[in-house]
Amino acid sequence: MTETTAPEPGATQLDPVRLEEIRGLVPRLLRPAPEDVPQLLADARAALADLLADRADLVRANAKAGEELAAWTGGI
């Protein structure tokens, strides 16, 4: 996918707002207050699940792009 093309239907990508929320977890993880630990763990688990799902989507998209490029150039 390039900046000028839209993602294919069914393809997902982390929303920029969600990505910033996940980045915001890093400083919170450094020295959490004891009362914040349960919510922080829940937030970190959700962030990890989102990041792993996004990675899987990127791996699939990369494989498909490689196949399309190989077909276009006559490889495979």
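Let me sum up the structure you'll find in this document. (Residues numbered from 1 in each chain as written. Predicted model: local features only at pLDDT ≥ 70, side-chain atom pairs only at ≥ 80, totals over all residues. Heavy atoms only, no water.)

Regarding the overall build of the chain
Okay, step 1: Within the chain, the regular secondary structure consists of two helices and zero strands.
Okay, step 2: Sorting the 76 residues of the chain into buried and exposed places 11% on the buried side.
Okay, step 3: Here the chain displays about 6,400 Å² of accessible surface, and carbon together with sulfur accounts for 62% of that area. (Helix = DSSP H or I, 4+ residues; strand = E, 2+ residues; numbered from the N terminus. Buried < 20%, exposed > 50% of the residue type's maximum accessible area, 1.4 Å probe, protein only. Areas by Shrake-Rupley, 256 points an atom, 1.4 Å probe, with all protein chains shown as cover.)

Things to note about the nonpolar core
Okay, step 1: Core analysis: the largest hydrophobic core is formed by five residues, namely Leu14, Ile22, Leu25, Leu40 and Ala47.
Okay, step 2: Those residues within four positions of leucine 14 in sequence are excluded, and the remaining contacts are Leu19, Ile22, Asp50, Leu51 and Asp54. (Core = buried A, V, L, I, M, F, W, Y, C linked by side-chain atoms within 4.5 Å. Contact = heavy atoms within 4.5 Å.)

Thoughts on the packing of helix H1 (residues 16–30) against helix H2 (residues 37–73)
Okay, step 1: Here H1 crosses H2 at 135 degrees, and the two axes come no closer than 10 Å. Put simply, H1 runs oblique to H2. For the pair H1 and H2, the sense of crossing is left-handed. Touching Arg18, Ile22, Leu25, Arg28 and Leu29 of H1 are Leu40, Asp43, Ala44, Ala46, Ala47, Asp50 and Leu51, all from H2.
Okay, step 2: In terms of residue class, the contact of H1 with H2 is built from eight nonpolar, no polar and four charged. (Axes fitted to C-alpha atoms, helices over the stretch in contact; angles between N-to-C directions. Parallel < 35°, antiparallel > 145°, perpendicular 65-115°, else oblique. Left-handed = near helix turned anticlockwise from the far one by under 90°. Nonpolar A, V, L, I, M, F, W, Y, C, P; charged D, E, K, R; others polar.)

Some details on the side chain of aspartate 57
Okay, step 1: Mapped onto the elements of the fold, aspartate 57 is located in helix H2.
Okay, step 2: Judged by its relative accessible area of 18%, aspartate 57 is buried.
Okay, step 3: There is a polar contact of 2.4 Å between the side chain of aspartate 57 and the side chain of arginine 60. (Polar contact = N/O pair within 3.5 Å; in protein donor to acceptor, adjacent residues only side chain to side chain.)

Here's the deal with the pattern of salt bridges
Okay, step 1: For the structure on display, the rule yields five salt bridges.
Okay, step 2: Aspartate 50 is the partner of arginine 18 in a salt bridge, and the nearest nitrogen-oxygen pair spans 2.6 Å. Here the residue arginine 18 occupies a position in helix H1, and aspartate 50 occupies one in helix H2, the gap between them amounting to 32 residues.
Okay, step 3: With relative accessibility at 28%, the residue aspartate 50 sits in the partly exposed group. (Salt bridge = Lys/Arg side-chain N within 4 Å of Asp/Glu carboxyl O.)

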